[in-house]
Amino acid sequence: MLAFLTRRILQTVPTVLAVVLVVFVLFSVVPGSIVSSMSDDGRGAADPQVVERMRKQLGLDDPVYMRFGSYIAKLATGDLGTSFRTREPVTIMIAKRIWPTLQLIFAALAFAIAIGVPLGFVAALRPGGIVDTVSMVVAVSGLSMAKFWLGLVLMYLFALKLGWLPSFGYGDGSLKYLILPAVTLGVSPMALLARTTRAAVLEIMTADFVRTARSKGMSEMRLVKWHVMRNALVLILTTMGLQFGALMGQAVVVEKLFSWPGIGSLLVDSVLQRDIPAVQGSILVVVLAFLAINLLIDVLYGVIDPRIRYA
Amino acid sequence: MMFRMIAVVAGLGLALVTTAEAQTPRKGGTIRMTAPYGSSFSSLDIHTTQRAQDEIYAKALHRSLYIWNSAEGKPVLELAKEDVVSGGGLVHTFKLRDDAYFHNGRKMTADDVIWSYNRIMDGTKAYPGARFVRVIEGAAAVEKGQAKEISGLKKIDDFTVEMKLTEKVDPGFYFFNALTSIYPADEGAKESFIQKPIGLGSFKFVEHVPGSRIVLERWDRFYKPGKPYADKLIVSVMGEAAARDVAFRNKEIDTSVLGPAQYVAYQADPALKGTIVEVAEVFTRHMGMNPAFKPFADKRVRQAINHAIDTDLIIKKLVKGKAYRATSWLPLTSPIYDNTMKPYAFDPAKAKQLLAEAGYPTGFEFEWTTSQNESWGLPIVEAIIPMLDRVGIKVKVKQVETAVLAEVIKKGDFQAYVYSMATGPDPQAALKCFYSSTPQSACNYTSFKNADFDKLIDEAGQTDDAAKRDQLLQKANALLYEEAPVWFFNYNKAVMAVQPWLKGIQLNATELTHQNVEDLWVDESSPAK
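Just so you know, these numbers come straight off a predicted model, no measurement behind them. Counting starts from 1 at the beginning of each chain's written sequence and moves along it residue by residue. Here the convention is simple: chains get letters from A, ligands get numbers from 1, in the order in which they are written. Predicted model: local features are reported for residues with pLDDT of at least 70 only, side-chain atom pairs are reported and counted for 80 or more only, and whole-chain, interface and lining totals are derived from all residues. Calculation of side-chain values draws on the structure's entire complement of heavy atoms; hydrogens and water are dropped beforehand.

Regarding empty space enclosed by the protein
Empty space among the atoms becomes visible once a probe the size of a water molecule is rolled across them. As defined here, a cavity is a set of points on a 1 Å grid over the protein atoms alone where a 1.4 Å probe fits but cannot get out. A pocket is an open set with protein on both sides within 12 Å along at least five of seven lines, and residues line them when an atom is within 4 Å of a point. Grid points are joined across faces, edges and corners, and a volume is the space filled by probe spheres set on the points. Under the definition given, this model contains 7 cavities of 30 Å³ or more. Put simply, the largest cavity is a space of about 160 Å³. Looking at the largest cavity, it is lined by 16 residues, and the ones nearest its centre are T86(A), E88(A), K96(A), H208(B) and P210(B). Ranked by residue count, the leading element in the lining of the largest cavity is helix α5 (residues 90-125) of chain A, at 3 residues. Of the pockets and cavities examined, the second largest cavity occupies roughly 120 Å³. I34(A), M38(A), R85(A), T48(B) and T49(B) are, among the 13 residues lining the second largest cavity, the residues nearest its centre. The residue classification treats Ala, Val, Leu, Ile, Met, Phe, Trp, Tyr, Cys and Pro as nonpolar and Asp, Glu, Lys and Arg as charged. All others, Gly included, are polar. The residue makeup of the lining of the second largest cavity, split by class, is 4 nonpolar, 6 polar and 3 charged. Under the scheme used here, helices are H or I runs from DSSP no shorter than 4 residues and strands are E runs no shorter than 2 residues, and both carry numbers assigned from the N terminus.

Here is the structure:
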């Protein structure tokens with residue numbers, strides 16, 4: 001187990017370096033810079049002398065390889081650099097934003113699991129029935145709905161019409177502010193989980209070991225609990241792991257729409273204003289979180305299904 | 001004159017303000033404003049950012065030497081009680097307020113003013129406000145590292161500062177915005193300042209949730225007696241217009257900037273119509289033409305473009321009436337706007353004739369660089385393409401991000417662009433963007449060169465007679481209209497919905513969202529406690 005973990009952690013190093021390199025090169029070749037974005041609302045032309053000094057100070061005129069070398073040297077010491085935009089250490093900026101994003105993603109996943117998995121199970125137990133048809137219509141709709149539109153509909157319904165929830169903001173971090181953004185973000189993985197669960201359960205129900213268990217007289221309840229659920233869980237876990245990464249990306253829209261102070265909106269602002277250190281830092285953290293979650297899921301595979309060994 | 005002009009363009013809004021002024025302001029309550037320009041606040045160090053978004057909170061937290069007076073349409077003294085001018089108009093002696101306290105309880109002195117301006121000129125930090133402070137003698141030397149302190153700033157006593165300028169200009173236009181805010185010298189140098197800023201404004205810092213909101217509370221030692229009225233101010237970052245719309249209708253926010261689509265919807269809704277305030281902001285939307293691209297070097301071609309586009313139709317149909325037709329460079333709310341000027345008539349026949357005279361009887365093709373902006377970007381360009389096609393001019397569209405567009409324009413890497421530029425409040429500064437020696441990288445984006453124009457600007461800068469100066473600048477503005485280095489599109493009409501319980505909204509032509517919040521108050525009907 002320990003050897004497996006060490007090997008997996010070491011395997012992440014080239015992945016992280018590759019991501020850092022790609023992001024760095026991309027933002028070195030795309031047009032625009034923090035300096036030009038400073039006056040992009042046309043309020044006042046950026047002063048040429050200030051622009052020149054700023055480019056020099058930020059090293060924007062240095063060759064790409066020099067900037068990359070200096071960035072990697074800093075990164076090796078755990079320094080993510082200083083934001084061009086806020087002039088704050090990127091580590092501090094990310095530290096302020098990561099918790100709201102994790103809150104949002106875990107709440108969305110919790111919603112997705114709580115609704116999607118039972119929905120898939122129920123649908124699979126009576127394939128072709130009304131429940132199956134309705135739940136799959138819900139699943140397909142959930143997958144095809146745009147986050148922005150869905151968020152607005154939820155805001156309109158639950159904030160404006162019913163008055164049950166606030167329509168935007170982080171508030172004091174309490175649950176009532178979290179519900180609408182989390183549901184908006186969670187509908188798509190919920191739908192995917194429902195479909196995945198249904199497919200997995202249907203497949204397992206026709207497996208030899210299930211037939212054998214049935215022929216031995218095992219009750220349907222025990223069958224579902226001990227054979228179907230445990231086996232389906234592996235597939236569900238895989239879906240969740242992949243969804244975690246997808247949710248990190250999709251959180252951008254939801255955070256912007258609901259004024260949620262997460263890393264997604266930080267990333268968008270930083271990209272638009274070409275705040276390269278903040279972009280690199282944010283992407284790095286997102287990648288690391290994705291790798292960590294997938295590692296955790298690999299470990300959980302073995303716990304759920306002892307046939308899976310840590311090779 | 002200024003107030004009259006705003007009254008003309010702001011009808012309904014002004015009625016609201018007048019009503020508000022007739023009532024007795026209530027103490028207490030919470031004001032909930034929105035920062036609508038997309039991104040989160042750039043920085044809590046307002047010296048580092050000139051974004052419109054950041055100045056919304058900065059108007060509450062900080063103070064500069066001058067402040068914008070929306071009713072008078074000009075900057076007025078704020079941190080000084082008196083400005084004595086001498087030295088042929090170049091030396092200003094400011095008698096500072098002796099009752100202005102920073103949020104740490106310390107009284108502001110001349111040292112803080114001098115320290116703040118020196119900070120802004122620190123060349124190693126490249127603060128954007130340097131372009132304003134550079135008007136003080138010796139400031140440029142500090143920026144270049146040739147001197148440690150600005151020689152043109154002298155402390156006479158704790159509450160008197162002498163400022164020697166390099167040009168005979170109104171310092172109000174240079175020292176009114178947040179980029180030149182006065183910081184406490186002792187605290188401003190600390191690293192903690194950026195996390196917990198301290199200012200002289202009417203509200204002090206409580207909390208910043210990046211990407212979501214900033215919370216401020218009343219500063220009890222603010223120097224204007226009885227102000228601010230509200231106990232608390234919350235500014236929420238809300239870049240999505242649709243989300244703002246729901247929140248406004250749900251009474252969760254007190255102000256909401258409206259886009260063209262919402263402007264139409266709110267006007268049509270009896271329940272919301274009364275919430276609208278509007279003002280002609282000092283921004284001119286235009287299409288700039290690069291004379292390095294041969295056809296645009298000919299004035300007749302540039303005039304033909306102005307005649308070929310049905311500008312009124314675009315403003316009505318696409319901008320939904322949320323703009324005023326431009327009649328030259330200086331906007332409607334400029335102190336010297338000439339209301340006798342008429343816009344170029346939509347006249348394709350005249351455009352064809354001008355093109356033929358210029359040697360392009362069958363037209364030509366050009367590349368038009370644009371952003372996605374709904375009010376002055378791609379949708380506008382797409383509407384114009386068939387209009388230009390009618391007179392033989394073909395357009396190739398090149399779409400870029402707004403931040404990239406700014407860079408493209410400054411480098412001159414375009415044949416034509418469409419953009420929105422600040423054209424106020426100082427008419428002299430706005431027109432100087434077309435002065436021959438103003439580099440393209442500064443604001444002379446169309447590389448305009450005209451000796452007659454330069455002469456008018458020079459004469460305006462030298463005269464001590466204010467009326468003569470205004471007359472010369474008006475002539476320069478008219479000459480610009482005739483030379484047409486740009487297609488004069490529109491002046492922005494800023495529109496904001498304001499809840500009926502929020503009183504005292506000012507029709508700020510420099511930026512409607514920038515409110516002197518100490519003058520705002522909420523009545524008992526506000527749902528925010």
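So, the nonpolar core
Take the buried residues of types Ala, Val, Leu, Ile, Met, Phe, Trp, Tyr and Cys, join any two whose side-chain atoms come within 4.5 Å, and each joined set is a nonpolar core. We call a residue buried when its accessible area falls under 20% of the maximum for its residue type, exposed when it is over 50%, and partly exposed in between, using a 1.4 Å probe and counting protein chains only. Formed by 94 residues in total, the largest nonpolar core has its most connected members in L65(B), Y117(B), I136(B) and F175(B). Among the nonpolar cores identified, the runner-up in size contains 45 residues, and L165(A), A182(A), M238(B) and V246(B) belong to it.

Regarding a nonpolar patch on the surface
For patch building, the residue pool is restricted to those with more than 30% relative accessible area and no salt bridge; the joining distance is 9 Å between like charges and 5 Å between nonpolar side chains (Val, Leu, Ile, Met, Phe, Trp, Tyr). All accessible-area figures derive from a Shrake-Rupley calculation using a 1.4 Å probe, and residue coverage is judged against the displayed protein chains alone. A side-chain nitrogen of Lys or Arg and a carboxyl oxygen of Asp or Glu constitute a salt bridge if their distance falls within 4 Å. Taken together, the side chains of L21(A), V22(A), V25(A), L26(A), V29(A) and V30(A) define a hydrophobic patch exposed on the protein surface, amounting to about 480 Å² of accessible area. Assignment of secondary structure puts V30(A) in the loop between α1 (2-29) and α2 (34-37).

Let's talk about the sheet that holds strand β5 (residues 91-96) of chain B
Residues and elements named next belong to chain B. Think of it this way: DSSP has to see at least two bridges between two strands before they count as a pair. Read across the open sheet, the 4 strands follow the order β4-β5-β7-β6; overall the sheet is antiparallel. Single-partner strands in this sheet number two, and they are β4 (80-86) and β6 (153-157). Averaged over all neighbouring strand pairs, the angle between strand axes comes to 20°, with direction disregarded. With 4 bridges joining them, β6 and strand β7 (residues 160-164) adopt antiparallel strand pairing. Residue pairing across strands places K155 opposite V161, the latter belonging to β7. A fitted line through C-alpha atoms serves as each axis, taken over the contacting stretch for helices, and the angle formed by two N-to-C directions is quoted from 0 to 180°.

So, the interface of chain A and chain B
What makes two residues a contact is simply this: any of their non-hydrogen atoms within 4.5 Å. Each partner contributes residues to the interface: chain A has 50 residues there, and chain B has 60 residues. Two parts lose some accessible area (1.4 Å probe) when they are put together, and adding that loss for both gives the buried area. Surface buried jointly by chain A and chain B totals about 4600 Å² across both partners, of which 49% is contributed by carbon and sulfur atoms. As a salt-bridge pair, E143(B) and R53(A) come within 3.9 Å of each other at their nearest N and O atoms. In protein, a polar contact means a hydrogen-donor-capable atom and an acceptor-capable atom, both N or O and within 3.5 Å, with residues adjacent in sequence counting only if both atoms are side-chain atoms; elsewhere, any N or O pair within 3.5 Å suffices. Along the contact surface separating chain A from chain B lie 18 residue pairs in polar contact (both at pLDDT 80 or more). Listed by contribution, the elements that provide at least two residues to the side of chain A that touches chain B are α2, α3 (48-58), α5, α7 (147-161), α10 (220-258) and α11 (263-272) of chain A.

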